[in-house]
Amino acid sequence: MWQKLGFVTVVLVAFACQQVVWSKTVSLPDVVRQVVGPKATEDGEVLAEFDRLFNQLHYDVDYKLRVLRMNQSLAIKNLNAQFISRFGIVITDIQHEKQRVKDAILEHALSIGDTQNPCIVQNNDEALRQATQAASEISLAAELAYADMATASRVFFYPQVQAFQNSSTDLQSFVVRKIGSSNIVTDMYVTLAELAYAYEGEEDKIDRVLAGVATELDNFQEVVNNVRRDIWAMTDAIGRNFIFNMELLLEEALQCS
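Below is a short write-up of the structure. Just so it is clear, the model here is predicted, and its values are computed rather than measured.

Side note on the side chain of H58
Line of reasoning, step 1. Within the secondary structure, H58 sits in helix α3 (residues 43–112).
Line of reasoning, step 2. Among the polar contacts made by the side chain of H58, one reaches the side chain of Q172 at a distance of 3.5 Å.

Here you go:
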């Protein structure tokens, strides 16, 4: 029995000594204190503060990325609306001109009393062919506009945004991942210092990368402006050429007899 009591006493004394060691206050590294501030004192509180800081960094980055994506989406939305408006104007002009010429050809055919005149039929068919050709050219312009915008988005803008989004997502679990790869008991303050340096490094990197993404958005807007100018020129040329060709066609049709 005395042996058992002696053993228990030794265990209790050892436990008490261990508690004294654990409760001994050790100053946090300066770099850690600079990041987490004065409020967090216990190891668990410091880890929790790092987790909060990394999550806040993640939220800040996500917000800025959302703004950039919204601006890019708005640029595409506005450009699509402008394309559709311009295409609609040209299509309407082509439809009206085609109908005007066909009506004039029909009126001439009635005046000569021969609606099946081969010359009349040929010019009617040519009017339809010209309209079909103009429609094909408008489709090509729309296809080129889509291809240019898709390339600008998928090749230049979104890969950078997505890569940075992945890095931002990693920030949320940065502290947990660090605990998982460290001996958090024996190397607590080394781990905390590494977290502090990592946090400061992420702050600097994020500012640089966000500036880079913003630059890509500016470049994307420049692409938008170039595409708008090119498609405007194409659609205007399509409309002008169609009207010019239809005028020539009508002159020829009016000579049918």
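A few points about the pattern of salt bridges
Line of reasoning, step 1. Summed over the entire model, instances satisfying the criterion amount to six salt bridges.
Line of reasoning, step 2. As a salt-bridge pair, E126 and R129 come within 2.9 Å of each other at their nearest N and O atoms. One end of the pair, E126, and the other, R129, are both in helix α4 (residues 118–172), three residues apart, so they sit about a helical turn from each other.
Line of reasoning, step 3. Residue classification places E126 among the partly exposed positions, given a relative accessible area of 24%.
Line of reasoning, step 4. Here R129 falls in the partly exposed class, since its relative accessible area comes to 44%.

Description of the environment of E137
Line of reasoning, step 1. Take E137: it is sitting in helix α4.
Line of reasoning, step 2. In this structure E137 comes out as partly exposed when scored by relative accessible area, which is 30%.

Focus: the nonpolar core
Line of reasoning, step 1. By size, the foremost hydrophobic cluster in this structure holds 29 residues, and its most contacted members are F83 and I94.
Line of reasoning, step 2. Going through the elements one at a time, α3, α4 and α6 (188–253) are the ones with two or more residues in this core.
Line of reasoning, step 3. No other element matches the 10 residues that α6 contributes to this core.
Line of reasoning, step 4. Apart from the residues within four sequence positions on either side, I94 is in contact with A134, I138, I238 and F242.
Line of reasoning, step 5. The next biggest cluster of nonpolar side chains, apart from the first, holds 27 residues, and it includes L53, L57, L171 and A193.

A word on the state of the cysteines
Line of reasoning, step 1. With the rule as written, the count across this model stands at one disulfide.
Line of reasoning, step 2. Here C119 engages in a disulfide with C256; their sulfurs sit 1.7 Å apart. Here C119 and C256 share a disulfide; its torsion about the S-S bond, -55°, makes the bridge left-handed. Within this pair, whereas C119 is found in helix α4, its partner C256 is found in the segment after α6, the two being separated by 137 residues in sequence.

Brief notes about the packing of aromatic side chains
Line of reasoning, step 1. Throughout the structure, instances matching the rule amount to six aromatic pairs.
Line of reasoning, step 2. Measuring from ring centre to ring centre gives 6.1 Å for F83 and F87, while their planes differ by 20°; the resulting arrangement is stacked. Of this pair, F83 and F87 both sit in helix α3, four residues apart, which is roughly one turn of the helix.
Line of reasoning, step 3. Classification of F83 by relative accessible area gives buried; the value is 5%.
Line of reasoning, step 4. A network of ring pairs unites the aromatic residues F54, F174 and Y199 as a single cluster.
Line of reasoning, step 5. Taking the ring centre of F174 as reference, the NZ or CZ of R177 above it sits at 5.1 Å.

Definitions and cut-offs
Residues numbered from 1 in each chain as written. Predicted model: local features only at pLDDT ≥ 70, side-chain atom pairs only at ≥ 80, totals over all residues. Heavy atoms only, no water. Helix = DSSP H or I, 4+ residues; strand = E, 2+ residues; numbered from the N terminus. Polar contact = N/O pair within 3.5 Å; in protein donor to acceptor, adjacent residues only side chain to side chain. Salt bridge = Lys/Arg side-chain N within 4 Å of Asp/Glu carboxyl O. Buried < 20%, exposed > 50% of the residue type's maximum accessible area, 1.4 Å probe, protein only. Core = buried A, V, L, I, M, F, W, Y, C linked by side-chain atoms within 4.5 Å. Contact = heavy atoms within 4.5 Å. Disulfide = S-S within 2.5 Å. Phe/Tyr/Trp six-rings, centres within 6.5 Å; stacked < 30°, edge-to-face > 60°. Lys NZ or Arg CZ within 6 Å of the ring centre and 35° of its normal.

Limitation: the analysis is restricted to geometry and does not speak to function.
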